[in-house]
Each structure stands twice: as C-alpha cells, then as structure tokens.
Amino acid sequence: MPVSTIIAPMDLRAQTLEWRLKSEKIGFVPTMGALHAGHVSLIEAAKKKADRVVVSIFVNPLQFGPKEDFGSYPRMLAADIEKLDAAGVDALFAPIAADMYPEGFQTSLTNNAINNILDGRSRPGHFDGVLTVVSKLFNLVQPDFAFFGKKDYQQLAVITNMVRDLAFPLEIIGCPTARDPDGLAMSSRNLRLTPEERTLAPHIYKGLRLIADAHAAGEKDHAQLIDIFRAHLSQVKDFRLDYIEIRAQDRLMDFDKVVDRAAVALVAAHLGSVRLIDNLEFGAQ
Ligand code: AMP
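The following paragraphs examine the structure supplied in this document. Bear in mind the structure is a predicted one, so any value in this text is a computation, not a measurement.

Regarding the sheet that holds strand 8 (residues 263–271)
Strand order in this open sheet of three strands is 7-8-9, and the pairing throughout is antiparallel. One side of each edge strand has no neighbouring strand; the edge strands of this open sheet are strand 7 (239–248) and strand 9 (274–282). Neighbouring strand axes in the sheet, compared pairwise and without regard to direction, differ in orientation by 15 degrees on average. As paired strands, strand 7 and strand 8 are joined by nine bridges and run antiparallel to one another. Bridged to I246 within strand 8 is A265. Packing against the sheet, helix 9 (residues 203–216) makes contact with strand 7, strand 8 and strand 9, and its axis sits at approximately 20 degrees to strand 9. The strands touched by helix 10 (residues 222–234) within the sheet are strand 7 and strand 8, with strand 7 carrying the most contacts at an inclination of about 155 degrees.

A closer look at the sheet that holds strand 4 (residues 91–93)
Spatial ordering of the open sheet is given by 1-4-3-2-5-6, a layout of six strands whose pairing is parallel. In this open sheet, the two strands that pair with only one neighbour each are strand 1 (4–6) and strand 6 (171–175). Recorded for the sheet is a direction-independent mean angle of 25 degrees between the axes of neighbouring strands. As paired strands, strand 5 (residues 145–149) and strand 6 are joined by five bridges and run parallel to one another. The residue bridging F145 from the neighbouring strand is E171, located in strand 6. Packed on one face of the sheet, helix 2 (residues 37–49) meets strand 2 (26–31), strand 3 (52–57), strand 5 and strand 6 and runs near 155 degrees to strand 5.

What to know about the packing of aromatic side chains
Applying the stated rule across the entire model yields seven aromatic pairs. With a centroid separation of 6.3 Å and 75 degrees between ring planes, the pair formed by F28 and F138 is classed as edge-to-face. Here F28, found in strand 2, pairs with F138, found in helix 6 (residues 126–141); they are 110 residues apart in sequence, far enough to count as distant. Considered together, F28 and F138 belong to a single accessibility category, that of buried residues. Where F64 meets F70, the ring centres are 5.3 Å apart and the plane angle is 65 degrees; that geometry is what we call edge-to-face. Judged by its relative accessible area of 9%, F64 is buried. Put simply, the rings of F28, F138, F148 and F168 touch in pairs and so form one group of aromatic residues. Over the ring of F70 we find R75; its NZ or CZ atom is 4.8 Å from the centre of that ring.

Looking at the side chain of N111
Locating N111 in the fold gives a position in the loop between helix 4 (97–100) and helix 5 (118–122). You can call N111 buried: its relative accessible area is 11%. In terms of polar contacts, N111 uses its side chain to reach the backbone amide nitrogen of A113, at 2.7 Å. Discounting residues that sit within four places of it in the chain, N111 has contacts with D128, L131, V158 and N161.

Observations concerning helix 2
Spanning 13 residues, helix 2 covers 19 Å between terminal C-alpha atoms, matching the ideal 18 Å at 1.5 Å per step. Within helix 2, burial applies to G38, H39, L42, I43 and A46. The arc that holds every buried residue of helix 2, seen down its axis, measures 150 degrees, which confines them to one face. For helix 2, the elements touching its buried residues are strand 2, strand 3, helix 3 (77–87), strand 5 and strand 6.

Regarding the packing of helix 6 against helix 7 (residues 153–165)
Packing of helix 6 against helix 7 brings their axes to within 10 Å, and their N-to-C directions diverge by 50 degrees. What the angle tells us is that helix 6 and helix 7 run oblique. Judged by the sense of rotation from one axis to the other, the crossing of helix 6 with helix 7 is right-handed. Across the interface between the two elements, F127, V130, L131, V134, S135 and F138 from helix 6 touch Q154, Q155, V158, I159, M162 and V163 from helix 7. For the contact of helix 6 with helix 7, the residue count by class is nine nonpolar, three polar and no charged.

What counts as what
- Residues numbered from 1 in each chain as written.
- Predicted model: local features only at pLDDT ≥ 70, side-chain atom pairs only at ≥ 80, totals over all residues.
- Heavy atoms only, no water.
- Pairing = 2+ DSSP bridges.
- Helix = DSSP H or I, 4+ residues; strand = E, 2+ residues; numbered from the N terminus.
- Axes fitted to C-alpha atoms, helices over the stretch in contact; angles between N-to-C directions.
- Contact = heavy atoms within 4.5 Å.
- Phe/Tyr/Trp six-rings, centres within 6.5 Å; stacked < 30°, edge-to-face > 60°.
- Buried < 20%, exposed > 50% of the residue type's maximum accessible area, 1.4 Å probe, protein only.
- Lys NZ or Arg CZ within 6 Å of the ring centre and 35° of its normal.
- Polar contact = N/O pair within 3.5 Å; in protein donor to acceptor, adjacent residues only side chain to side chain.
- Expected span 1.5 Å × (residues − 1).
- Arc of directions from axis to C-beta.
- Parallel < 35°, antiparallel > 145°, perpendicular 65-115°, else oblique.
- Left-handed = near helix turned anticlockwise from the far one by under 90°.
- Nonpolar A, V, L, I, M, F, W, Y, C, P; charged D, E, K, R; others polar.

Okay, structure coming up:
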C-alpha cells in the first residue's frame, strides 16, 4: 500500500480513529522532511513497536529564529513520499501552516530547567517552538509511541520531560544517531554543505570520539576533556565553534570537575553557512 498523504487535521483524526477502534497501536515519527537514513531508522523502530506508523513533515516556523535558515531549509516532498513508500509508512501527515497556527494562535509551551543551556541558549525560543508544535502534533495524531533521534539530544530531553510533566498518554522512545560511514551524523542540513565542507564535517564526530576515548583511558578531568576537543577542532580553521560541553546524561546536569557519571558530550559548530550539532554518550551507562 502506498503511503496515504493527509493534509487536513480532520482527515488525520478520521484515519487514526479508525485504527484505534481496531485496537491498533500507533507509532509516530515527527520530522521536518528532507528525509535521510536517520529518519528511516526511526521509522524502522516504529514499525517494530506499533501496528501503524504515521510520519509528519512540517517545517515549523516557530522553532526558527529570525536570522536562522527557515527559508533555506531543504524541502523535497516528492522525494520524501517515495522514501516513505519504500519504508512502508501508513500515513504521512503534511499539514499547512494555517492549520497548525490559525489566526489568533497564542499559546506556547516552555521548559523551565534546561531551556537556557546548550542549543536553548544559542537559539532563544527554539525549544518553546519545538514543544509547542510537538504537543499539537501529539494531540492531532494521538500516538501510543513517538520516536525521536538522540542526534537532537536536548530536544529528546525536553520532550521526554514534557510528556512526563504534563502526563501525555504516550511513550517517548529515543533512537541512536545514524551516521555516514565517515562518522558524520546524518542531517537534512548536510545537503547544504559544499563538497569541501562535507570532507571536513566528520571532524566534529572525531573530536567527540577523542573525548570518549580519553575518558575510557582514565582522563576524568572535565576541563582536560573539553580541551582535547577544542585542540582537535581548532586544527580545522573553517569551523566556528558555538559550544562544546560535557553533561550528565541524567537531566543534562553540569559536572563540577570530575566526569564520574554517565556523560554526554554535546557540540554545535558552524561550517560555512551550516550549523551542525552532534553528541556522543560515554562513561558508565
Ligand atoms: P528533523 O527532520 O531534523 O526535525 O528530525 C526529525 C527526527 O529525526 C528527530 O527526532 C531527529 O532527532 C531525528 N533524526 C535526525 N537526524 C537523525 C540521525 N542522524 N539519526 C537518528 N535520528 C535522527
């Protein structure tokens, strides 16, 4: 069966109601399109766990800052639909902005703890936009499970918290980051790298690996571990580092001096006109 493309929220409700009446479990994968193998890995995870899989494609204006790449974000719906067909997705929900944000829309969600660190600090309002759109999508799709990539580690954390804090009746499932063979985390934004930038981009992951390897070899000093990454990335002049931080996997708490719990190194860096993010978990799980 080819994927059925649904634009109107009312039609989506009718379809998901039909499934729910048959007691079929619904898995949901929200995306912004320009689909790649990372998205497909979420779809595969959803197919394992649920009877029906809904993917949404919506480039959400609320989560982009005024100087960010909303206008140039890649959009390729026809190619995306082919990928969804091949992956065996049941329904694509591709709403229009006027349905997501009708005139008079004035509600927003926020996270009061980890909203102001990492990407939250670099991209003011970003996670409010993410939480607002994701909660609306959850209300429209009413899934049993929703799948998010660890590629966007802080996003997964704020959404997991929202679902717990506000008792959304669904389970959030975090999925591993899919990478190209050279280690670069797959991302729709990679399409906008020049060929030369593309050859440099894997240095981000290499730097993260250096941190994890040094930690495994006994280096537990927070500042030293950060320096290892900075020294590596500074060799490649084209990068403009936004942040490199090491935080506890648990609630993204800061480390004082010693990295002695399950940790995650998170990085954001600009390469040409593209902002790349990546992260790597390390230490005791
Ligand atoms: P996006 O279309 O970039 O908003 O991403 C949609 C979903 O796919 C989010 O849950 C992302 O974390 C996830 N995702 C994006 N890239 C990857 C990747 N390389 N590996 C796994 N999940 C990913």
